[in-house]
Structure formats: structure tokens, C-alpha cells
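Structure at a glance
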Amino acid sequence: MNEPMLHEKLTTGAEFLGGSDYYQQNIPGCIVGNLNLAFELRPYQLEAFGRFKYYIESYTIRPKSAPVQTLFHMATGSGKTLIMAGLMLYLYNQGYRNFLFFVNSTNIINKTRDNFLNTIATKYLFNESVQINNQQIRIKEVDTFQAANPDDTNIVFSTIQGLHARLNTPRENSITFDDFESGKIVLISDEAHHINAETKRAKDLNQSEMFDLTSWESTVSKIFKANTENILLEFTATIDLTNEQIVEKYRDKIIFDYPLKAFRLDGYSKEVKVLQSDIQLFDRALQAILLNQFRRKIFEKHGWFIKPVILLKSKTIKESNAFYDEFTAKIKGLKGNDLVKIKSNPNLDSVLSGVFRYFEENQITLENLALELQEEFAENKCISVNSKDESEQKQIAVNTLEDRDNEYRVIFAVDKLNEGWDVLNLFDIVRLYDTRDARANRPGKTTISEAQLIGRGARYCPFRLEDDQSLYQRKYDVLGNENEHELKLCEELYYHSAYNPNYIQELHMALEEIGIKAKESQQLSLFLKADFKKKPFYKSGSVFKNERVKYAREDVTGISTSFIETTHKFPLLSGFSQSSTVFESKSGLRVNNKQKNYFIKSFGSSIIKKALSQFPEYRFSNLKRLFPYLKSLSEFIQSDHYLGKIKVEVKGSDDVVSHLTQENKLDVVIRLLNKLSSQLQAENVDYKGTKEFKPYSVKELFIDKTLNIVNDGNSDKEYGIAQSKTTKPDLNMDLSGEDWFVFNENYGTTEEKYFVRYIAKVVEQLKQRYSQVYLLRNERHLKLFNFDDGRVFEPDFVLVLIGKNKPALHCQVFIEPKGSHLIKYDEWKNNFLMQLQAEHKVEQLWKDRNCIIWGMPFYNETETKPEFEKEFSALLQ
């Protein structure tokens, strides 16, 4: 059995360290405060930072006498460059000053240089002011490290090829091997799969040949091993883990594995659609233009300035140039009749039919639409990036397509954008050729390359309509049959190709392999039973939910009382040492330790200010956001509401404890502030969930839907299988005749099916006490918001119980079945459910009823069922 990979060991270890979110909760403070605040850190990015911190500081198995090498295997579009920037800040704080960034492409170098150095660039990654340990940090590009400022973050940018040439043919004022031997350096390798050329053919080389080869990989290896304190950070989205040599090389180095499949399942990518059409090339492009322009109008309708763009991909540069001329000429002469030709196609795809219907409903004639498209897609809004010279000159343009002042709508390319292209507003890719290179029923290199291009284009374009929606994740995967949201098309990337079933099959296979398409997906109808729609509860009843509101922290008047009243204990180094003879049997001398309490403010303002300056989060502007009534830094130090009343207990030798040095005092205050920082970070929330629950119409909330079910093998195997069709006898149940289950079917997980079976067993007891019993499956029909931080929670079920007596008890119970592997991770949801009964508020607007809200503990058939049954029994009495 193979030894687990490093990332697998760290995942397992998190459970023992404090839970699956341990790494996310323990990220370096110098990272959060110094990255561009416009880039909201996502959970998986926090995970990446926390893993690296733990690996450097606490992972005992890591060889301490060898250079550190780690690889981040992260999906295209997941923010690898942001992770690089954050790790540079952390490593600066660890004493590193010199960073070498290298990659195989000059285009990526230019893009990354802009992201790291250009403070006015929209994708600049650092904060306006970068401060570490009360020191303003400059981030500078240098040619060599020999004369670099030791207080700056110094970066050398180079291609792999250029680095190899510069090191093996040294010249004046250029980087040399001496740079790597004389001081510790961090090497950052982007698209790291390119430096593994030798590893892939290692079985054909002996050790001597491997060492002597002057190739890219051996050059990187040589400079990395030049100093035992060097660090190599590798990043790639496409590591070849089918190659045994690659797997063995990286078994103890892949620190974080977040492939495209996980990225898509978490909702951070567009969904990919393939639109086949047996029409002329220009008409295929014209269909893409219509979809593209429709998206622009929908975005503008909802208040978002987002300019969708199109990629027109040719097989050769000659063909691309020819189609550029054809396209620009035909767009210039576009008429309404050209659009009539598309619209009147009897085989027109339903999505395009919907687009034409939208134009018609909004009184946009096809003649006027043609004039609009002439302007929107004119030649001055088209860009070709085919030749080397073109792409060098225009790389900035194609990497800033989201900017308001960038008017390009159409990109003509062959393969210059196959790697390192960061674009969020690409919504259509048109394949302008119809060739295949498959062999033995497997996708060929061209198809794999096309799938990877689609993966790059599938980066999610951020938008939202409501504050409680995630900005960077899909929102419209679950559809309402009666009212499919028009913005769903704005969460999809369309790949337009010729009608070629064999090619499409190969493309789907390639998309599945890279993870951007689910291997198993299905659309399932979920509809309310006709009998339920006749019930008064459906027609005029209400379901209660709370709201999310901005938290202005107006109730925060200081540090929490619990933290202030705790005596914080810190041991001090005694300085004691003793020698003894190996064979002495007598016990060594013992150190007499002593404890003594001090108020922090007794150490003096200068000591405390010096300690505060080492944490970006304690800048006054940041403190003011946390404590709106704070007037000054002096008040934070002296007032009993802040640090003034905090007490520490120091432990050490009598002499040390009784006569603290300035260094002792500074050390104690820094440790205290670090402890306080973790608590403040946990308490620093932007939203709260209201405790008042308001009524909403059942008829409006609970509608028929089409479920897009994706099960890639990582999900519960029961997910997507109807409860009436599951082959497991203890789960199988026909719900069609059950009046208490309001939907036609339950497609839920194993635990959700177990829960429905549980309700079936007790429903007759419930009906003895209540006149009406309804179990509503919540497929994104309603959201709740956690009281403490406003986090969104969508409980799986709502159980509605209506009493028999007057005034009738209307009891609404939120229930969440939970898989064993998620009980600890989602503990906050369980805590919220258990708060509901005691803390909810409902304005009683009806004289004939008394409305209450309950929550049950998680339901799990094998782990939490006894606790659930104990709480649930109160509903039966």
C-alpha cells in the first residue's frame, strides 16, 4: 500500500488538531492585513495559507536540514497568484527578502509583474500600504540580489529558459549561482509542470547523467539546493499524477490539492455548455454574438456593468487572419435579414429562441439589433493575438478585458492564449474548424488543449443581486420551472462547434478528465403534489424566516468581558543551565519556579505601542472598525474596557519573574496580543442574522423546480436517486401517496432518506396531536441567517405542525440530516438550530394561532439519532 501524499496527511491531521477547518482558522495575520482588500479570501485560499503555516512552523515530520519544497495543485482560476502574494508576505515575516519568480512564458511574466508591482492595476494583489512589524515594506523588481535592499521584498522575474541561460552564461549585473549560495531565497515556480521534463524520463537516466544535465529542471534543482534555507514554492493546475515518477517526486511535497473538479463543485466556475450547429462559420459566430449581447443586456438590467467577450479560435494563423477579414466585413454590413435567417432556423436551439423572444418582448426590432451589433462588434473592438509580436504587445489588453475602459468584445486566436490567460468575462468560445485527432477512442492533444482552454474560460464572472449571495459562486444551479432566472445564462460558458457527434463525445471525455464537467449529471423534476396545492396552508399559509442585516458593531464598547476577566498565563525562559556526568545517579538540581500577576498597562505605553506595531490588525484604523467608540490608541492601552484591565500571570524563576526586563515585558505583550488577535478575528463579522422571523407566503416560496444533480463520486451515492427507486431496502419508500410529504419525490442523500423514513414511522403520532402535518424539502426555496455572523444556512427540511385547539399552535421546525463526515465541520449550523427555540421572535399577527420556531439537532442514523429523538419527543407530547 502506497504511503499517503502530504496533502492527505495534513487533511487527516486537521481532525486531530481541532477540526476540518483548523487550517482556515489559523492563517498568519500578516497576510490578511496586507493583501488587496478587494480580493475577498475564499475558504480554500485560507486553507492553503493555513496549511503552509502549519507545515513550516509545526509539522514535525518535515526534514529540518533540507530546503523546503512544496507544490500547490490548484485549479485554473482559483487564485494561485494571490496565494503566491500571501506566502511572500508570510515568508518576509519569517526573514526572507529575496524571491525568484520563474515560468515558461513571457506573457505570464508580464501579467504577474503587473499583479505584483503595478499599484494602479485592477488586479494588483497587495494593499496600498504593506506593513510588517511596524515597518513599511516596498515590493521591488531587481535584476540581481547582490545589491538588493535587505528591508525590501526583492523579486527577480524570469522565464525558465532565460533563467537557465543567465545562470549558465553569466554576465555583469545578472543573477548568478552565487546569489543562491550566499543568502536564503524563495523560488516561486508558476505552471510548474514545465520543469519536470527530466523527472518524466528519469527511468532512462542514471544518477550521474541526471546531475550533469544542464536542462531547465536540473538548473532549478541546482539553485534550490545551493542553500539549505532556500524554499521552492511550485504552483500548477495540471500536474500529471498518472506518471509514477512525478507521483513519487511529489508524494511528500503536494501540500494542497484543489483540482478543477473541486473548484467546479464548490460553485466557483461557470457551467459549460456545448452548442453544436450545422451552419456556416460566420453564422456560428453570429449565434455567439447574439448570446453575448443578450448577456450584456441582462447584466445591465440588473445594475451590473459587465461586458461579455467572445473568443474566435482558428486552427492556423492564416485561417484566423482570413476569418478576421470576413468577420469584420460582414459585421460592418450586418442587416436585420441576417438575423431573420438565424431566427427562422426550424432547428434553432431553445436558448437562442429565448434570446430572440427577449428582444421581441422588449421592442428591439431585428433591424435595430443589427445596427447595435455593428457598433458593439466593430473592427475597433476586435483584437488578434496570433503572432508572437502581437501577443507581446497586446497581452495587457487581453488580461484587462474586465476593465471599463477596455472596449474589446472579440478575440481572434489560435493558441497564444492557451496558458496564463486570466479572464473572467469570457462567455463564448467559437471553434472555427472541424478536425479531430482522437486515437483508440481517446481524446487527442488538440481536444485536450481545447478542454483546457474551456477550463480557463470557465472562471466565474462575479456578480450578485442580494447581499446574502456569494459574489464569486454560482447562484442559479437549482431552477424553478415556472420562473427560470434569466441570469442563469450569465453563469454559463458556451462552446460553439460544428455538428460532429464523435468530436463532441471526445470533448466531453476531455472535459470530464480535467474536471470541468461532471461524469454523471442529470436534471430531475421536483414538483408539489396537486392535492397539496389545494390545501389552505398552501394557498394562504406562511413559512417564517429571518433576515441578514449589516452589523455596525454599535453594541461593542470594548474587548469581550470574558477575555478581560481571564488571567492569561505565559511561561518565561529562566536562563537556567546545568551540566552533569553521564553516569551520575543523583538527581539534577530543580529550578524553583514562581508565578506573579501583572496588569498589562503596568508595563508602560512605550512597550505596548511597540508590541501593537508588530500587528497590522492593531493599526488605529483597524481598531476603529472593530470598536466604533474608541477615541485613541492611548484609550485602547489604558481604558478598563480594552487593555487596561487585562491581567497576565508570568511563570519563571524567582529572579526573572520579580524583575522583568524590557524584553520580557515586550515578549509577554506580543504573546497576549497574538492571542487577542485570534479572538477579534473570530468576532469581526460584517453581518448578523435577525432574531425576528417574518412570515412569507408558502405559495410564493415553495415552487416546482428542476434539480441539476451532479454526482462525481465524491458525493453521497444516494444523492440524485429517487427514494422510491433506491435499491437499499432500509431507505426505499414510495412517497407518492403520503399526504404529509408535499413534493413528488426525495432525491436526497442517505441521511436525508433515513430521516424521511423516520418521519414516516412517527407521522401517525404527530397526527394524533396536530390537525395538519407537512414535511417540505428545502431545495434552495428559503434561507436562514446565523444569528452570530449572518452566515447563510439552508436547512434540508421544514416540518410544519398545525395544532387542533384554538388558538391553534403553528409550529415550524427546521431539520438538517447530516453525514458523519460533516457533523464536526458544520457544527455552527447545529448550534444555530439549537438556539432557535429560545431566541427567535415572531410578531403574533393572528388571533387564532400561536406561531413558534424550533430547530432540531442534526439527524444522523448512527451517531446523533438518540439526541435527535430526545428533542423531537417534545413535539409528540
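For the structure, see preceding data.
A brief report on the enclosed structure follows. (Residues numbered from 1 in each chain as written. Predicted model: local features only at pLDDT ≥ 70, side-chain atom pairs only at ≥ 80, totals over all residues. Heavy atoms only, no water.)

1. Examining the sheet that holds strand β21 (residues 593-599)
Read across the sheet, 3 strands follow the order β20-β22-β21 without closing on themselves; strand pairing throughout is mixed. Strands with a single pairing partner mark the edges of an open sheet, and in this sheet they are β20 (567-571) and β21. Strand-to-strand twist of the sheet, defined as the mean angle between neighbouring strand axes without regard to direction, takes the value 25 degrees. For β20 and strand β22 (residues 647-653), the ladder comprises 5 bridges, and the chain directions are parallel. When the bridges of β22 are listed, P571 appears paired with K651. (Pairing = 2+ DSSP bridges. Helix = DSSP H or I, 4+ residues; strand = E, 2+ residues; numbered from the N terminus. Axes fitted to C-alpha atoms, helices over the stretch in contact; angles between N-to-C directions.)

2. Here we look at the environment of S606
Looking at the secondary structure, you find S606 in helix α24 (residues 605-612). Relative accessible area serves as the criterion here: at 55%, S606 is assigned to the exposed category. Considering only alpha carbons, one finds S606 and E47, 559 residues apart in sequence, at a separation of 36 Å. (Buried < 20%, exposed > 50% of the residue type's maximum accessible area, 1.4 Å probe, protein only.)

3. Examining the packing of aromatic side chains
Applying the stated criterion across every chain yields a total of 50 aromatic pairs. Aromatic side chains Y44 and F263 sit 6.2 Å apart centroid to centroid with 85 degrees between the ring planes, which places their arrangement in the edge-to-face category. Taken as a pair, Y44 in helix α3 (residues 43-57) and F263 in helix α12 (residues 260-265) lie far apart in primary sequence, 219 residues in all. Each member of the pair, Y44 as well as F263, is classed as buried. Members of the aromatic cluster, connected to one another through ring pairs, are F755, Y758, F797, Y859, F868 and F872. Its end group placed over the ring of F427, K270 keeps NZ or CZ at 4.9 Å from the ring centre. A cation over an aromatic ring shows up here: R431 above the ring of Y503, its NZ or CZ 3.8 Å from the ring centre. (Phe/Tyr/Trp six-rings, centres within 6.5 Å; stacked < 30°, edge-to-face > 60°. Lys NZ or Arg CZ within 6 Å of the ring centre and 35° of its normal.)

4. Quick look at helix α30 (residues 750-769)
Taking 1.5 Å per residue, 20 residues should reach 28 Å; α30 reaches 29 Å between its end C-alpha atoms and fits that length. If you look at α30, its biggest bend is around 50 degrees, right at V762. Among the residues making up α30, those that are buried are T750, E751, E752, K753, Y754, F755, V756, Y758, I759, V762, V763 and L766. Buried residues along α30 sit against β26 (770-777), β29 (797-803), β30 (808-815) and α32 (865-876). (Expected span 1.5 Å × (residues − 1). Bend = angle between axes of the 7 residues up to and from the residue. Contact = heavy atoms within 4.5 Å.)

5. Thoughts on the sheet that holds β29
Spatially, β26-β29-β30-β32 is the arrangement adopted by the 4 strands of the open sheet, whose pairing is mixed. Whereas interior strands pair on both sides, the edge strands pair on one side only; in this sheet they are β26 and β32 (849-855). For this sheet, the mean inter-axis angle between neighbouring strands, taken without regard to orientation, is 15 degrees. Pairing between β30 and β32: 7 bridges, direction parallel. Looking at the pairing, Q812 lines up with I853 of β32. Its contacts with the sheet place helix α31 (residues 827-839) against β30 and β32, and it is angled at close to 155 degrees to β32. Lying on the sheet, α32 is in contact with β26, β29, β30 and β32; it crosses β30 at an angle near 165 degrees.

6. Re the pattern of salt bridges
Once the charged atoms of two side chains with opposite charge are near each other, the side chains can pair. Applying the stated criterion to the full structure yields 38 salt bridges. Between R296 and E300 there is a salt bridge; the shortest N-O distance is 3.4 Å. Highlighted residues: R296 and E300, both in helix α13 (residues 281-301), separated by 4 residues, approximately one helical turn. Here R296 falls in the buried class, since its relative accessible area comes to 12%. For E300, a relative accessible area of 44% gives the class partly exposed. (Salt bridge = Lys/Arg side-chain N within 4 Å of Asp/Glu carboxyl O.)

7. What about unusual backbone geometry?
A positive phi angle, near 55 degrees, is found at Q363, a position not held by glycine. Among the structural elements, Q363 can be located in the loop between α16 (350-361) and α17 (366-376). Note on Q363: relative accessible area 66%, which makes it exposed. With a phi close to 60 degrees, R780 is a non-glycine residue in the positive phi region. Looking at where R780 falls in the secondary structure, it is placed in the loop between β26 and β27 (784-785).

Interpretation in functional terms is not warranted from these geometric data alone.
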